[in-house]
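Coordinates in review
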Amino acid sequence: MKFNIPADVPAKKVATYKKNLKEATNNSNRLMLFAGDQKVEHLNNDFYGKGIAKDDSNPEHLFKIASQAKIGVFATQFGLISRYARDYKNIPYLVKLNSKTNLVPYDAQDPYSEAWFSVDDVVDFAKESGLDIKGVGYTVYLGGKYEHSMLKEAAQIVHQAHKNGLLAVLWIYPKGRFVKNEHDRHLIAGAAGVGACLGADFIKLKVPFDKNGNLDVKGLQEVTLAAGRSGVLCEGGAKVDEKAFLEELYAQIHKGGSRGNGTGRNIHQRDLKEAVNLANAIYAITCENATVKEALKLLK
Amino acid sequence: MKFNIPADVPAKKVATYKKNLKEATNNSNRLMLFAGDQKVEHLNNDFYGKGIAKDDSNPEHLFKIASQAKIGVFATQFGLISRYARDYKNIPYLVKLNSKTNLVPYDAQDPYSEAWFSVDDVVDFAKESGLDIKGVGYTVYLGGKYEHSMLKEAAQIVHQAHKNGLLAVLWIYPKGRFVKNEHDRHLIAGAAGVGACLGADFIKLKVPFDKNGNLDVKGLQEVTLAAGRSGVLCEGGAKVDEKAFLEELYAQIHKGGSRGNGTGRNIHQRDLKEAVNLANAIYAITCENATVKEALKLLK
Amino acid sequence: MKFNIPADVPAKKVATYKKNLKEATNNSNRLMLFAGDQKVEHLNNDFYGKGIAKDDSNPEHLFKIASQAKIGVFATQFGLISRYARDYKNIPYLVKLNSKTNLVPYDAQDPYSEAWFSVDDVVDFAKESGLDIKGVGYTVYLGGKYEHSMLKEAAQIVHQAHKNGLLAVLWIYPKGRFVKNEHDRHLIAGAAGVGACLGADFIKLKVPFDKNGNLDVKGLQEVTLAAGRSGVLCEGGAKVDEKAFLEELYAQIHKGGSRGNGTGRNIHQRDLKEAVNLANAIYAITCENATVKEALKLLK
Amino acid sequence: MKFNIPADVPAKKVATYKKNLKEATNNSNRLMLFAGDQKVEHLNNDFYGKGIAKDDSNPEHLFKIASQAKIGVFATQFGLISRYARDYKNIPYLVKLNSKTNLVPYDAQDPYSEAWFSVDDVVDFAKESGLDIKGVGYTVYLGGKYEHSMLKEAAQIVHQAHKNGLLAVLWIYPKGRFVKNEHDRHLIAGAAGVGACLGADFIKLKVPFDKNGNLDVKGLQEVTLAAGRSGVLCEGGAKVDEKAFLEELYAQIHKGGSRGNGTGRNIHQRDLKEAVNLANAIYAITCENATVKEALKLLK
Amino acid sequence: MKFNIPADVPAKKVATYKKNLKEATNNSNRLMLFAGDQKVEHLNNDFYGKGIAKDDSNPEHLFKIASQAKIGVFATQFGLISRYARDYKNIPYLVKLNSKTNLVPYDAQDPYSEAWFSVDDVVDFAKESGLDIKGVGYTVYLGGKYEHSMLKEAAQIVHQAHKNGLLAVLWIYPKGRFVKNEHDRHLIAGAAGVGACLGADFIKLKVPFDKNGNLDVKGLQEVTLAAGRSGVLCEGGAKVDEKAFLEELYAQIHKGGSRGNGTGRNIHQRDLKEAVNLANAIYAITCENATVKEALKLLK
């Protein structure tokens, strides 16, 4: 496997960058990102209510899963990490640098979210705490009043991450009154291209759907081509049937050219055992070249 | 009692952080916060008028109470502290870093309040003055145009506090035209989760009410679970009957899982003696494991 | 006379602060502030026209008065000071750090005015020029879109002034569409409390009026109590009869508890001799314990 | 001639400041400012079209005039200077720090223009390039949403200029929907007073007109008095008859008390020879005490 | 060929600046800029769809062209460069510092785009990576709410580029509701003059059209004169017939006085071989003094 090292990773940090990329991807160059930033993004909606396991009402659930399952990185906020990490030192973390709540609908106000921390804050934190922080994440909303500010911040974050040998993952979502269909392949391909121009290592995107709401494989090919050397992570979305989920994941990677998956709710809304098993199955397909059949076995 | 030390408290500041937490909570891990920031937040409304003791018209009243009663911390603005503190050196202070007036209603303008001072200003002030400053406080309004800025500032303040071994208390209030009921348990649980992701040591929140306006115990359980390892402080609110107040406080802690209370008006609108007694009773329940009956005795 | 030294004046600057406070108040702890910032605030309206002495059309008039009369401090802008001060080295200056014009009415746009200079700029200027700069001034407008920014800047300016042993005077005015009556005692008391929380040494405020537009003595007591250890300076207002002015000044201090007066137009709209005499009379009542009768003698 | 040295010119820079002032004014304390910032302010309108000499279509025309004529300073943008100055080293430059285009009318959007460079940038540039840069210029628009920001920037620029021994010229224009008549004497006198409070060495202003659109001499006296020790430069305006122009210039100085003139279009819209002659005539009246008759001779 | 060295290129960087200018222009003082910033500016529209070669769906296509063809500079975003440059070290790069998407139409929101990186970031990157970075680019939109900010940033970028011996290219486009015709010669001449005042080395502009939408040669002369010593680059526009394109390019240079061309889509929407050939033909006319006939031979 030949890994793409961005030219803005300085010589003395190439080894660190490679190590982070290899470990996070199990040498597969594909990333299984366990997304746990929803306590800000969706408030308590994803953690409490009908169809959600009781375990999920306590944020420690996320750390237990991330600690016991095979994952690439566990993405969550700095502050939450800092409250649990002394007891969960074995987790590979990715610090999600910005977040916003869902209190205001997108059509009432252009979404905007600044980074809460600089990459330097994260680097200092990793050094002082000894935690295994493999990268940083940042969400960009395209198409609104604050696009200029988010593009600038994203570009700087990717570059600062690279200067420190860290991975940079961007969540990129076109939003606002001129965006008619978030699952349009051409629009998502545009977002992928923006991620490439920002130099992201991985880009978390909406999945292109066909008219029936199913995976649009050709569309995903347009998207993953447009992303160039940045890897496309398909959004996991709300909780669905495990088999359907794993089959789509397999198709995304092997037909659509995606390089991984960012899944949160689908994992953590289950009780600890189920959540760990599903995470392991996702990991097997993404980073261990498992077939769907092999992965399903891990669910027992 | 095992105390949770955030991972962003550096090794050389762990002892300071522990000392601040233990002293502020009387080793109970629960905080009695005497809130005295209303001279900005509510102008002179809380200090002068019908039903308010004359003592309260002079801001020194707050310092007398904080000095003579048992409290966890006295939270007020830097400038007010600086005018009185040479004469009130025994008070454990918490510097409230931001404040706004109530001149403009929340529905006419999204609330916004920047920190007046950095944590470094506070640390330098404590060192120079020799005052016992145990932490800092900051209010976050979720759901408005300035949410992005307040989330970032809150995250930085919590982290800077921890880097200096100080406690960080966040007041978190969802506001704006999309917030229908500030006492909704699910909304407050969302705010609690945000506080957890910001890494707060304590989060001051509205209290969840049932349809009759009474404490919603199950709701408070959702809230305190969502807060994870950050302690929930229930808002004290306007002046009410002492017995009712203490009974609710007891239920909040022992049934709802809260870890303290932030009370202002209910204390300082009484004359000095009454105010000191009530503060002591609140402290007894919160930090000395007293029953309501025991606490009531302190009121004489 | 015991002087209140704020806790944020560092040990090595306490002597400087005390010296500034004592000299500016003639050991009376009361301040006669000669206000000369109107060339920006009111453009040329206060300096040229009917009922205004010809002397006042040239800004040097202000410096002649400040140089020849007894005053506490002469408050004006940095730039104006810098053009005249080499010829007027004996004046005790207070640098007014912000100002705005009156071109836009308050109801058409929320008032906002940033500090033109930092306190460090002022300190460096004083050191380099050898001028006797005793303090800094700043206006805060409460209740508008920019309140958050002005509160923060005011808090920082007071603290930076104290760190350098300088006095800090705040002009505090609630403004905007939710302010119905600027002379309401309760509103002014609120502004006074804000000034106290900002740590101001002196707070220049509107004067509370009764229904007939006369001084509301009880109201002023509420205000001066709310200000705590910060001294209330009553606004001088437009040019009125000298005797009435001095009688009200006396009542403000001896009945209402104010600690001085900020007067501009009432002094400088007179010719040099009259202006100097009136300034001396105001000073006598404010800082030399004169009766109105004694003060009137100074007008000859 | 006694020159007014601002108190914020530090001792070690007094000689530099005096030299700049004396050279720029030919020891007359009056300034002939050749204004060449219109390529941004008016786009190509002032340089190409009917009634404009062909020479003016190339920006080098400005440098040829400034190099061959007697002038006080040539005011234009940093970038334009940097493209020509290696070939025009004999010109006394004044760097105009801000500029805006005329694409949006003043009544559609409050005018705003930030400084493109700091005074330090200019000082470093002068040192590195060896150019004769005598000062800096900045435009302030009063009365709009951005007044606060422009006043602050202007105040800082004047002070930074003085700290480096440079001259500071402010262009001050009240604008916006509350300004009814830009040629009103009282309004212009207000702007002059603002310039004085900002500490400007010279203030470029509109000229007060009487009802018939002629120079209002008494009005100009109000203006020049209000400006105190800051010199008033009358705006040159659009191209008019040379004799009328020189007669008005003479009256502005000798009757109205102005201390110079800022002229651009009236000079550079002529061919090189005419332009140089007119510039020399303006200079003669302004800085060489010439009569109109003497000046007219220079036009040949 | 005499090259114009801006006065803000410091002595120790003159050789670097000259080398960059000579190499980028093949000693012709004219620039062939291969524009590859459309993945942000136009999302995936320019790279995928009818009439676009399949090669173009992958961003590596741009690097292959830039590597195999003769070009002056390849202009694209920092992040995209960083992902490919280790494999494309022979390309002369120009880092396009800002970009925005086309999601929001110009009439719905004034366009705004901040620089993602400082010139210092670029200089450090060039040093660390050893890449051949010859300059930086930046787009300015005139006439909107953010004009002030973009003018300032552009001025700083040009100056910082010169301080480091780099070339600075500005894209300047008047936009907004007061701009009626983007191809109006007088408006474009205005934009050219703004570029000159910003000190740009080259200015990429719209091409002036006559009533029939053809090149307005006289208009282009007005434009190139207004630009002074800054070179005008004509925009390449959408894909058209090769011969027509080359003939117009020749006329722009030899009749209109332009100093080059910025072309993207017209090149990269072809397959690799065609794209390389067309780029070579454009280069021949621009930088090798070829006739149209000679250039057409390169297309085979």
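Residues numbered from 1 in each chain as written. Chains lettered and ligands numbered in written order. Predicted model: local features only at pLDDT ≥ 70, side-chain atom pairs only at ≥ 80, totals over all residues. Heavy atoms only, no water.

Here we look at the interface of chain E and chain A
Listed per partner, the contact involves 41 residues of chain E and 48 residues of chain A. In this assembly, chain E and chain A are joined by four salt bridges. Linking arginine 229 of chain A and aspartate 87 of chain E is a salt bridge whose minimum nitrogen-to-oxygen distance equals 2.9 Å. Across the chain E-chain A interface, the total number found is 23 residue pairs in polar contact (both at pLDDT 80 or more). Tallying contributions element by element places helix α4 (residues 78–84) of chain E first for the side of chain E that touches chain A, with six residues. (Contact = heavy atoms within 4.5 Å. Salt bridge = Lys/Arg side-chain N within 4 Å of Asp/Glu carboxyl O. Polar contact = N/O pair within 3.5 Å; in protein donor to acceptor, adjacent residues only side chain to side chain. Helix = DSSP H or I, 4+ residues; strand = E, 2+ residues; numbered from the N terminus.)

Remarks on the confidence of the model for chain A
Looking at chain A, pLDDT values average 96 and 99% of them are 70 or higher. On the interface metric, ipTM, the complex scores 0.97, and its pTM is 0.97. (pLDDT = per-residue confidence, 0-100.)

Thoughts on the sheet that holds strand β1 (residues 31–35) of chain E
Residue and element names in this part refer to chain E. The parallel closed barrel is built from eight strands, whose spatial order is β1-β2-β3-β4-β5-β6-β7-β8. On average, adjacent strands in this sheet sit at an angle of 25° to one another, irrespective of strand direction. Of the strands in this sheet, β4 (133–142) and β5 (167–174) are in contact with helix α6 (residues 147–163), which crosses β4 at around 165°. (Pairing = 2+ DSSP bridges. Axes fitted to C-alpha atoms, helices over the stretch in contact; angles between N-to-C directions.)

Section: the pattern of salt bridges
All names here are of chain C. Taken as a whole, this structure holds 85 salt bridges over all chains when the rule is applied. Close ionic contact of aspartate 37 with lysine 96 constitutes a salt bridge, the shortest N to O distance being 3.0 Å. Of this pair, aspartate 37 sits in the loop between β1 (31–35) and α2 (38–41) while lysine 96 sits in strand β3 (residues 93–96), and the two are 59 residues apart along the sequence. Note on aspartate 37: relative accessible area 7%, which makes it buried. Relative accessible area serves as the criterion here: at 1%, lysine 96 is assigned to the buried category. Residue glutamate 247 is joined to lysine 243 by a salt bridge in which the shortest nitrogen-to-oxygen separation is 3.5 Å. Of this pair, glutamate 247 and lysine 243 are both found in helix α9 (residues 242–254), four residues apart, which corresponds to roughly one turn of the helix. Note on glutamate 247: relative accessible area 38%, which makes it partly exposed. (Buried < 20%, exposed > 50% of the residue type's maximum accessible area, 1.4 Å probe, protein only.)

What about a positive patch on the surface?
Taken together, the side chains of Lys145 of chain A, Lys145 of chain B, Lys145 of chain C, Lys145 of chain D together with Lys145 of chain E present a region of like positive charge at the surface. Turning to its location among the elements, lysine 145 of chain E is positioned in the loop between β4 and α6. (Patch = residues over 30% accessible without salt bridge, like charges linked within 9 Å, V, L, I, M, F, W, Y side chains within 5 Å. Areas by Shrake-Rupley, 256 points an atom, 1.4 Å probe, with all protein chains shown as cover. Lys, Arg positive; Asp, Glu negative; His and termini not counted. Charge placed at Lys NZ, Arg CZ, Asp CG, Glu CD.)

Examining the packing of helix α9 (residues 242–254) of chain E against helix α11 (residues 272–287) of chain E
Residues and elements named next belong to chain E. Between α9 and α11, the shortest axis-to-axis distance is 10 Å and the interhelical angle comes to 20°. The angle between α9 and α11 falls in the class roughly parallel. When the axes of α9 and α11 are compared, the crossing they make is right-handed. For the pair α9 and α11, the contacting residues are Glu242, Phe245, Leu246, Leu249, Tyr250 and Ile253 in the first and Glu274, Leu278, Ala281, Ile282, Ile285 and Thr286 in the second. (Parallel < 35°, antiparallel > 145°, perpendicular 65-115°, else oblique. Left-handed = near helix turned anticlockwise from the far one by under 90°.)

Some points on the side chain of aspartate 121 of chain C
Counting through the fold element by element, aspartate 121 of chain C comes out in helix α5 (residues 119–129). Here aspartate 121 of chain C is buried and forms no salt bridge, its nearest opposite-charge partner lysine 163 of chain D lying at an N-O distance of 5.0 Å. Beyond its immediate sequence surroundings of up to four residues, aspartate 121 of chain C is in contact with Phe78 of chain C together with Gln156 of chain D.

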